[in-house]
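# Structural overview
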Amino acid sequence: MDKLWPRQGSSPGVIAGATSQGVSESENAGNGVGVSLQSSSRDLAMPVVSGDGSGASSSSSRFGQFSEFLESNPIFTAGFGLMGLGAGLAVARQGVMRLGNLIYRQMLVDLEIPSKDKSYTWFLEWMSQYPNRNSRHLSIQTAVKQHDNGSITTKFELVPGPGKHLIRYKGAFMLIKRERSGRLMDLTSGTPFETITLTTLYRDRHLFNDLLTEAHTRAQSQQQGKTVIYSSFGPEWRPFGTPRRKRDLDSVILAEGVKERMLDDIKDFLNTSSWYYDRGIPYRRGYLLYGPPGSGKSSVIQALAGELDYNICILNLSEITLTDDRLNHLMNHIPERSILLLEDIDAAFNERKQSDDQGFMSGVTFSGLLNALDGVASADERLIFMTTNHPERLDPALIRPGRVDYKECIDNATEYQVRQMFLRFYEGHDAECELFVQKVIDLNSTVSTAQLQGLFVYNKNNPQGAIDMVPFLKQ
Ligand SMILES: Nc1ncnc2c1ncn2[C@@H]1O[C@H](COP(=O)(O)OP(=O)(O)OP(=O)(O)O)[C@@H](O)[C@H]1O
Ligand SMILES: [Mg+2]
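Scope of this entry: the structure provided in the associated data block. Since this is a predicted model, take the numbers as computed values, not measurements.

### Things to note about the side chain of Ser-295
- Tracing the backbone through its elements, the reader meets Ser-295 in the loop between strand E12 (284-290) and helix H9 (297-308).
- A distance of 2.9 Å separates a polar side-chain atom of Ser-295 from the backbone oxygen of Ile-410.

### Considerations on the sheet that holds strand E16 (residues 406-409)
- Strands sit in the order E10-E9-E13-E14-E15-E12-E16 across an open sheet of seven strands; the sheet is mixed. Two strands lie at the open edges of the sheet, namely strand E10 (236-239) and E16, each paired on one side alone. Between one strand and the next, the sheet's axes are offset by a mean angle of 30°, whatever the strand orientation.

### Points about the site of ligand 1
- Not every one of the 16 residues close to ligand 1 is listed here, only the nearest: Ile-253, Lys-297, Ser-299, Thr-449 and Gln-453.
- Protein coverage of the free-state accessible area of ligand 1, which is 620 Å², stands at 78%.
- Those elements that place two or more of their residues in the shell around ligand 1 are H9 and helix H15 (449-458).
- Considering only residue class, the shell around ligand 1 consists of five nonpolar, nine polar and two charged.
- A domain-level breakdown of the shell around ligand 1 finds at least three residues from each of domain 3 (244-409) and domain 4 (415-473).

### Observations regarding the packing of aromatic side chains
- The final tally for this structure, using the stated rule, is 15 aromatic pairs.
- Ring geometry for Tyr-287 and Tyr-406: centres 5.3 Å apart, planes at 45°, overall tilted. Taken as a pair, Tyr-287 in strand E12 and Tyr-406 in strand E16 lie far apart in primary sequence, 119 residues in all. The residues Tyr-287 and Tyr-406 share a single accessibility class, namely buried.
- Taking 5.3 Å as the distance between ring centres and 50° as the angle between the ring planes, the aromatic pair formed by Phe-436 and Phe-456 counts as tilted. Separated by 20 residues along the polypeptide, Phe-436 in helix H14 (residues 430-443) and Phe-456 in helix H15 bring together distant segments of the chain.
- The class for Phe-456 is buried, based on a relative accessible area of 1%.
- Joined through ring pairs, the aromatic side chains of Phe-269, Trp-275, Tyr-276, Tyr-277 and Tyr-283 make up one cluster.
- Cation over ring: Arg-168 sits above Phe-173, and NZ or CZ is 4.6 Å from the ring centre.
- The side chain of Arg-205 reaches across the aromatic face of Tyr-202, ending 4.1 Å from its centre.

### Some points on the pairing of strand E9 (residues 229-233)
- As paired elements, E9 and strand E13 (residues 311-315) share three bridges and run parallel to each other. Within E13, the position partnered with Tyr-230 by the bridge is Cys-313.
- Strand direction decides the pairing type here: E9 and E10, joined by four bridges, are antiparallel. Bridging from a neighbouring strand, Ser-232 pairs with Trp-237 of E10.
- In this antiparallel pair of consecutive strands, E9 and E10, the connection spans two residues, and Gly-234 shows a positive phi of 60°.

What counts, and at which threshold
- Residues numbered from 1 in each chain as written.
- Chains lettered and ligands numbered in written order.
- Predicted model: local features only at pLDDT ≥ 70, side-chain atom pairs only at ≥ 80, totals over all residues.
- Heavy atoms only, no water.
- Helix = DSSP H or I, 4+ residues; strand = E, 2+ residues; numbered from the N terminus.
- Polar contact = N/O pair within 3.5 Å; in protein donor to acceptor, adjacent residues only side chain to side chain.
- Pairing = 2+ DSSP bridges.
- Axes fitted to C-alpha atoms, helices over the stretch in contact; angles between N-to-C directions.
- Near = heavy atom within 4 Å.
- Areas by Shrake-Rupley, 256 points an atom, 1.4 Å probe, with all protein chains shown as cover.
- Nonpolar A, V, L, I, M, F, W, Y, C, P; charged D, E, K, R; others polar.
- Domains from an automatic or database assignment.
- Phe/Tyr/Trp six-rings, centres within 6.5 Å; stacked < 30°, edge-to-face > 60°.
- Buried < 20%, exposed > 50% of the residue type's maximum accessible area, 1.4 Å probe, protein only.
- Lys NZ or Arg CZ within 6 Å of the ring centre and 35° of its normal.

Any functional reading would require information that these geometric values do not contain.
So, in structure tokens, the structure goes:
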């Protein structure tokens, strides 16, 4: 480079000499490429430093010769041509891509359904039944079906697997993309997070709403007439088994007027939300059902839930992994339209004391439960049911008003219940019924409704057999 760039003060003549040499080299060299390149460097360098105009004019003539030379050189012509073509294509490609994006943004619309959202399963189920689809990637999903007689069968459904699927919905094309999001896992279920993206034309975007409503209605219709039982799974509620058929309230026979009273109380509570809010009272109501085993406590709660079209969240307080924090979280995240059921509430804390004595540290503390019960502050109504066989063992703090607002003793069978149950199993056998009732009274012993049910199930369609077996009811 020192040769090409003169030091300050060096005469233009030296450089001109160098130029003429370069040109003559170029002329004499018979178009040698290496030499030409070198001379062109010199030519280009000169005008900058010469400053007297003579360099500029000579350089432009050199430049003309140089470009002439390039034009006449087939290698250069082809190279520049290709370069120009490449650059042109690149620009065109970018333009097409931009235009594509623009059209995509203007004409297409996406809808994303993450696997965390409830509509995700509804959509997959809807899709598995949808006839007009073109899927080559399928996943298997095992569905459990409960029949009217209570038996369960399993069947397999093929749902769209990860990948792209094209469907035609109400005349519009819809692209469905099911993607797993990398290595991220849902720790509560151990499955990878997924997203489903639906894409359709902008003008057909209203179809998303139709499609999701259809999927939702379909999912709901499958649960109609059923009660979903939720149990706690880590920090969240999960449906436990398949939804059960609603239990008919008439099938639970309690002492006269008890069921009706309870139902009226709940309905009254559910209809008076503003009364609670206006007075700043937490919109919750606690019910305690106590009584001997097999008297129908759990059954009536299930039947009430069915009657009100509510689901049931069962919380087992003696679960060793349940902590105060988890309890609090669970109680504040109860699925909508659900009853919270705490069964055998006395047993939880008796066991707790024992386990504390034995050095077990985990579990819910009594104060943790009280706090969780008090803290159940939600925009929705909260119905909390507790059951126990031993109300006398309960701490008064647990059953004080505000935590338990309604107490009901569900006791062993009364004469009324014996009669009603007999007639429910042996409809129209009024004469045998009176005989049966008298024999039970003569037993002079308490009889639970569960025992009666057992006797009737054993003597199905045989009222006389039930009468004969009354002595077996004596405890
Ligand atoms: N009052 C009742 N009417 C109809 N069926 C009843 C009644 N009581 C008990 N049964 C029947 O007896 C069985 C046990 O009843 P359930 O589980 O409701 O008793 P429980 O009071 O909750 O008992 P536990 O205190 O042991 O939990 C059920 O199959 C239920 O159908
Ligand atoms: Mg029970």
